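# Reading the structure
What follows is the residue order along each chain.
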Amino acid sequence: MTKVLIATVKPFAPKAVEGIRKIADEAGYELALLEKYADQSDFVAAVADADALIIRSDKATREVIEAGKNLKIIVRAGAGYDNIDLEAATEKGVVVMNTPGQNANAVAELTLGMMVYLARNSFNGSAGIELMGKKLGLHAYGNVGRNVARIAHGFGMETYAFDPYISKEAIEKDGTHAVDSVEALYETCNYVSLHIPATDETRNSINEGLLSRMPEHAVLVNTARKEVVNEADLLKMFANRSDFYYIADVAPDCKDEIAEKFPGRFFFTPKKMGAQTAEANINAGLAAINQIRGFFENGETRFQVNK
Ligand code: 3PG
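The model shown is predicted, which means the values in this text are computed figures rather than measured ones.

The rules we used
Residues numbered from 1 in each chain as written. Predicted model: local features only at pLDDT ≥ 70, side-chain atom pairs only at ≥ 80, totals over all residues. Heavy atoms only, no water. Domains from an automatic or database assignment. Buried area = accessible area lost by both parts, 1.4 Å probe. Salt bridge = Lys/Arg side-chain N within 4 Å of Asp/Glu carboxyl O. Phe/Tyr/Trp six-rings, centres within 6.5 Å; stacked < 30°, edge-to-face > 60°. Helix = DSSP H or I, 4+ residues; strand = E, 2+ residues; numbered from the N terminus. Buried < 20%, exposed > 50% of the residue type's maximum accessible area, 1.4 Å probe, protein only. Axes fitted to C-alpha atoms, helices over the stretch in contact; angles between N-to-C directions. Parallel < 35°, antiparallel > 145°, perpendicular 65-115°, else oblique. Left-handed = near helix turned anticlockwise from the far one by under 90°. Contact = heavy atoms within 4.5 Å. Nonpolar A, V, L, I, M, F, W, Y, C, P; charged D, E, K, R; others polar. Polar contact = N/O pair within 3.5 Å; in protein donor to acceptor, adjacent residues only side chain to side chain. Core = buried A, V, L, I, M, F, W, Y, C linked by side-chain atoms within 4.5 Å.

For the rest of this paragraph, the subject is the domain arrangement of the protein chain. By the assigned domains, the protein chain splits into domain 1 (3-102 + 276-298) and domain 2 (104-268). Each of domain 1 and domain 2 has a C-alpha centre, and the two are 30 Å apart. Buried surface at the junction of domain 1 and domain 2, summed over both partners, amounts to about 480 Å²; 46% is from carbon and sulfur atoms. Taken together, the connections running from domain 1 to domain 2 amount to one salt bridge.

Counted by the stated rule, this structure contains nine aromatic pairs. Where Tyr29 meets Phe296, the ring centres are 6.1 Å apart and the plane angle is 75°; that geometry is what we call edge-to-face. With Tyr29 in the loop between helix H1 (14-27) and strand E2 (30-35) and Phe296 in helix H12 (residues 278-298), this pair connects stretches of sequence that are 267 residues apart. Overall, Phe296 belongs to the partly exposed group, its relative accessible area being 27%. A ring pair is formed by Tyr117 and Phe123, whose centres lie 5.3 Å apart and whose planes are at 80°; its orientation type is edge-to-face. Here Phe123 falls in the exposed class, since its relative accessible area comes to 55%.

With that settled, the discussion passes to the pattern of salt bridges. Proximity of charged atoms lets side chains of opposite charge pair with each other. Counted under the stated rule, the structure contains 17 salt bridges. One connected set of salt bridges, linked through shared partners, spans Lys22, Glu26, Arg293 and Glu297.

Here we take up unusual backbone geometry. One non-glycine residue with positive phi stands out, namely Phe123, at about 55°. Position of Phe123 relative to the elements: it lies in the loop between helix H5 (104-119) and strand E6 (135-139).

Next up on the list: the packing of H1 against H12. The geometry of H1 relative to H12 is characterised by a closest axis approach of 8 Å and an angle of 15° between their N-to-C directions. With respect to each other, H1 and H12 are oriented roughly parallel. With respect to the hand of their crossing, H1 and H12 are arranged in right-handed fashion. Counting all contacts with H1, which are made through Lys15, Ala16, Gly19, Ile20, Ile23, Ala24, Glu26 and Ala27, the residues of H12 involved are Asn281, Ile282, Gly285, Leu286, Ile289, Asn290, Arg293 and Glu297. Grouping the amino acids of the contact of H1 with H12 by side-chain chemistry returns eight nonpolar, four polar and four charged.

Because an α-helix packs 3.6 residues into every turn, residues spaced three or four apart end up facing the same way. The complete set of buried residues in helix H10 (residues 231-240) reads Glu231, Asp233, Leu234, Leu235, Met237 and Phe238. Buried-residue contacts for H10 involve helix H9 (208-211), strand E11 (244-248), helix H11 (255-261) and strand E12 (266-268). For H10, the side-chain oxygen to backbone nitrogen distance between the N-cap and Ala232 is 3.1 Å, and the N-cap itself is Asn230.

A few words on the nonpolar core. Counting 33 residues, the largest nonpolar core has Tyr186, Leu194, Ile206, Leu220, Phe244 and Tyr246 as its most contacted members. Contributions of two or more residues to this core are made by strand E7 (158-162), helix H8 (182-188), strand E9 (191-194), H9, strand E10 (218-222), H10 and E11. Ranked by residues supplied to this core, first place goes to H10 with four residues. Leaving out residues up to four positions away in the same chain, Phe244 has contacts with Leu211, Ala218, Leu220, Leu234, Met237, Phe238 and Arg265.

Quick look at the structure:
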């Protein structure tokens, strides 16, 4: 019997697990659930007899992949797959997929939610500012960036995007201005929202050289990955520009120093929660099990990321 393991430190909403179970049952798969595990060794042990794995930000390391003697497919129920050792998977002939777009609206709603929270001084009753008329730069215009633009237009924000992988026409048909360089994006926008993946190219790439170009009342919003921001430069920005703010899902490693020295100029979620909605869990979870079915039953590999 084909065994599917869901391994999630941060569990899916119960409705999502229910939905996955229903599809697994229909397909005749055995479904195992490892939630909120305390130690990576629990994950390594649980994968031993699994044919397929559904994870979120869980770390599918070489050790995990090698322990999965029967493993044929890993589906990351979400967008970013920087938590998976693709090299180890490819060496072992394990197909890796993500479920692009399925949690994008949830992340986009959190992005705007955090922006409002900061603009209104954490809802503390003092006079804040409005988002209407402000310029929002989208650093990358994939599924999340596009959804952020859609919601931002409702707030009356002007949106700009830099994405070398997406055509100017595709960006502008949404009413977002396409800019030609990343520098121009930061020079133009009061708010810059990051939607880039964490790769060798992007880690630490959001640096002082870019951030210092931002105009007055500069807000950096990060619902992507904390690793893409250069933290030494982030601290310099806080120190050199009293009008610089940083809001992120999740906190940078230097959060204590920021909290101590720059109160009122940041907001960090305690746990990564952009995709933590029932809807996003259902969308991504069901997509994951359906992709596993498609793979086993018809050899479908549309969302494979280690081709
Ligand atoms: C993603 O890459 O899809 C998001 O960062 C969500 O991650 P999560 O599933 O761990 O919440």
